[in-house]
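Examination of the molecular architecture
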Amino acid sequence: MTTNLPRVAVLASGRGSNLAALIAARDRGELPVEFVLVGSDKAGAGALRLAEDAGIPTLALDPRSFPNRLAFDLALFEHIAASGAEWLVLAGYMRIVDGAALAPWVGRMINIHPSLLPKYRGLHTHRRALEAGDREHGASVHFVTAELDGGPVIAQARIPVHPDDDEGQLAQRLLPLEHRLLPAVLGLLTSRRLQWHAGSPQLDERPLRAPLRLGPQGLVPAE
Ligand code: GRF
């Protein structure tokens with residue numbers, strides 16, 4: 001801990017493009033935070049290499065060296081607490097987190113999910129949107145609770161689905177919006193404009209009645 005900035009830890013299992021977007025936003029001066037830890041359940045995750053390159057401490061814990069999910073999650077969250085993190089971002093973290101382990105973080109922990117929640121919790125969201133014939137798809141950032149992808153939604157980015165879209169095209173068109181959505185929400189949270197209040201998001205001390213939308217200039221209230 002070297003600054004007085006809000007301290008953020010990030011968990012990621014994959015290539016880490018959302019982590020890269022967070023770091024880039026910080027580097028542009030748009031997200032005044034200190035990243036104190038990037039953790040992963042996969043030692044080979046690209047996200048860990050990105051963090052190393054950015055000089056952020058990293059942690060890889062292998063779930064197979066723990067007797068069960070709770071033991072793994074408690075160890076992981078102990079490391080996160082020891083990093084001094086005040087806020088926690090799941091950026092492509094592909095494990096379900098035990099409810100008891102995450103309880104102390106409720107209200108301080110967000111996740112990005114590639115669907116317009118409450119639609120399509122869990123995996124294969126692009127495929128499921130196509131199979132359902134949806135004309136609109138998107139990504140959501142929500143507070144994490146014990147319910148998988150079920151915590152209160154804070155903000156969403158939307159894209160149209162084209163008739164000839166396949167899964168890959170949808171994912172590719174959505175990703176740049178995810179990369180704007182996640183830093184924008186984290187900025188609201190770490191500046192404390194966004195707060196968890198009795199189980200619901202509040203923005204500027206008013207209940208958020210509908211998820212914010214990502215527009216060309218950033219997050220705006222839903223119409
Ligand atoms: C993103 O689509 C995110 O919404 C989902 O997993 C993907 C992670 O991509 N939860 P990356 O590792 O950040 O590139």
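Residues numbered from 1 in each chain as written. Predicted model: local features only at pLDDT ≥ 70, side-chain atom pairs only at ≥ 80, totals over all residues. Heavy atoms only, no water.

Taken together, the three strands give an open sheet; going across it, the order is β8-β9-β10, and neighbouring strands pair in antiparallel fashion. The two strands at the open ends of the sheet, each matched to only one other strand, are β8 (194-197) and β10 (206-207). Looking at chain direction, β8 and strand β9 (residues 200-203) are connected through four bridges and run antiparallel. Note that in β9 the partner of Gln195 across the bridge is Gln202. (Pairing = 2+ DSSP bridges. Helix = DSSP H or I, 4+ residues; strand = E, 2+ residues; numbered from the N terminus.)

The next thing to look at is the pairing of strand β2 (residues 34-40). Along β2, seven of the seven residues are buried, which leaves the element largely enclosed by surrounding structure. Note: strand β1 (residues 7-11) against β2, five bridges, orientation parallel. Note that in β2 the partner of Val10 across the bridge is Val38. Handedness of the β-α-β unit built from β1, helix α1 (residues 17-27) and β2 comes out right-handed. The pairing of β2 with strand β3 (residues 58-60) spans three bridges and is classified as parallel. Paired with Gly39 across the bridge in β3 is Leu59. As a crossover connection, the stretch from β2 through helix α2 (residues 46-53) into β3 is right-handed. (Buried < 20%, exposed > 50% of the residue type's maximum accessible area, 1.4 Å probe, protein only. Right-handed = clockwise from strand over helix to strand, strands pointing away.)

A few words on the side chain of Ser140. With respect to the element layout, Ser140 can be found in strand β6 (residues 136-143). Residue Ser140 is classed as buried on the basis of its relative accessible area of 0%. Of note is the side chain of Ser140, whose polar atom sits 3.0 Å from the backbone nitrogen of Leu117. Other than its neighbours up to four places away in sequence, Ser140 contacts Asn111, Ile112, His113, Ser115, Leu116, Leu117, Val153, Ala155, Gln156 and Leu181. (Polar contact = N/O pair within 3.5 Å; in protein donor to acceptor, adjacent residues only side chain to side chain. Contact = heavy atoms within 4.5 Å.)

Another aspect to go through is the site of the ligand. Gly14, Arg15, Gly16, Ser17, Asn18, Gly92, Ile112, Pro114 and Glu178 make up every residue found near the ligand. With respect to the ligand, the side chain of Ser17 contributes an N or O atom lying 2.5 Å from an oxygen atom. Contact distances for the ligand include 3.1 Å between a nitrogen atom and a backbone N or O atom of Ile112. For the ligand, whose unbound accessible area comes to 370 Å², protein coverage reaches 87%. Taken together, the residues of the shell around the ligand sort by class into two nonpolar, five polar and two charged. (Near = heavy atom within 4 Å. Areas by Shrake-Rupley, 256 points an atom, 1.4 Å probe, with all protein chains shown as cover. Nonpolar A, V, L, I, M, F, W, Y, C, P; charged D, E, K, R; others polar.)

The next point concerns the packing of α1 against helix α6 (residues 167-190). Closest axis-to-axis distance for the α1/α6 pair is 9 Å, and the angle between their directions is 55 degrees. Considered as vectors, α1 and α6 are oriented oblique to each other. Handedness of the α1/α6 crossing: right-handed. Taking contact as the criterion, the partners of Ser17, Asn18, Ala21, Leu22 and Ala25 in α1 are, on α6, Leu175, Glu178, His179, Leu182, Pro183 and Leu186. Looking at the contact of α1 with α6 residue by residue, the classes come out as seven nonpolar, three polar and one charged. (Axes fitted to C-alpha atoms, helices over the stretch in contact; angles between N-to-C directions. Parallel < 35°, antiparallel > 145°, perpendicular 65-115°, else oblique. Left-handed = near helix turned anticlockwise from the far one by under 90°.)

Moving on to the nonpolar core. Val10, Phe35, Val89, Ile110 and Leu181 are the most contacted members of the largest nonpolar core, which has 43 residues in total. The biggest single contributor to this core is α6, with nine residues. Residues contacting Val89, with those up to four places away along its chain left out, are Val8, Ala9, Val10, Leu11, Leu22, Ile110, Leu182 and Leu186. Within the second largest apolar cluster, 21 residues are counted, among which are Ala9, Leu59, Val97 and Ala101. (Core = buried A, V, L, I, M, F, W, Y, C linked by side-chain atoms within 4.5 Å.)

This part covers the packing of aromatic side chains. Following the criterion strictly, the structure yields three aromatic pairs and no others. Relative to Phe72, the ring of Phe66 has its centre 5.4 Å away and its plane inclined at 85 degrees; by these criteria the two rings are edge-to-face. The ring centre of Phe72 lies 4.4 Å from the NZ or CZ of Arg95, which sits over that ring. (Phe/Tyr/Trp six-rings, centres within 6.5 Å; stacked < 30°, edge-to-face > 60°. Lys NZ or Arg CZ within 6 Å of the ring centre and 35° of its normal.)

What follows is about the pattern of salt bridges. A full pass over the atoms with the stated rule returns eleven salt bridges. Between Glu167 and Arg127 there is a salt bridge, and its shortest N-O distance comes to 3.2 Å. Taken together, the residues Glu167 in helix α6 and Arg127 in helix α5 (residues 125-131) connect sequence positions 40 residues apart. On the accessibility criterion, Glu167 (34% relative accessible area) is partly exposed. For Asp165, the salt bridge identified is with Arg173, shortest N-O distance 3.0 Å. Judged by relative accessible area, which is 11%, Asp165 ranks as buried. A relative accessible area of 27% places Arg173 in the partly exposed class. (Salt bridge = Lys/Arg side-chain N within 4 Å of Asp/Glu carboxyl O.)

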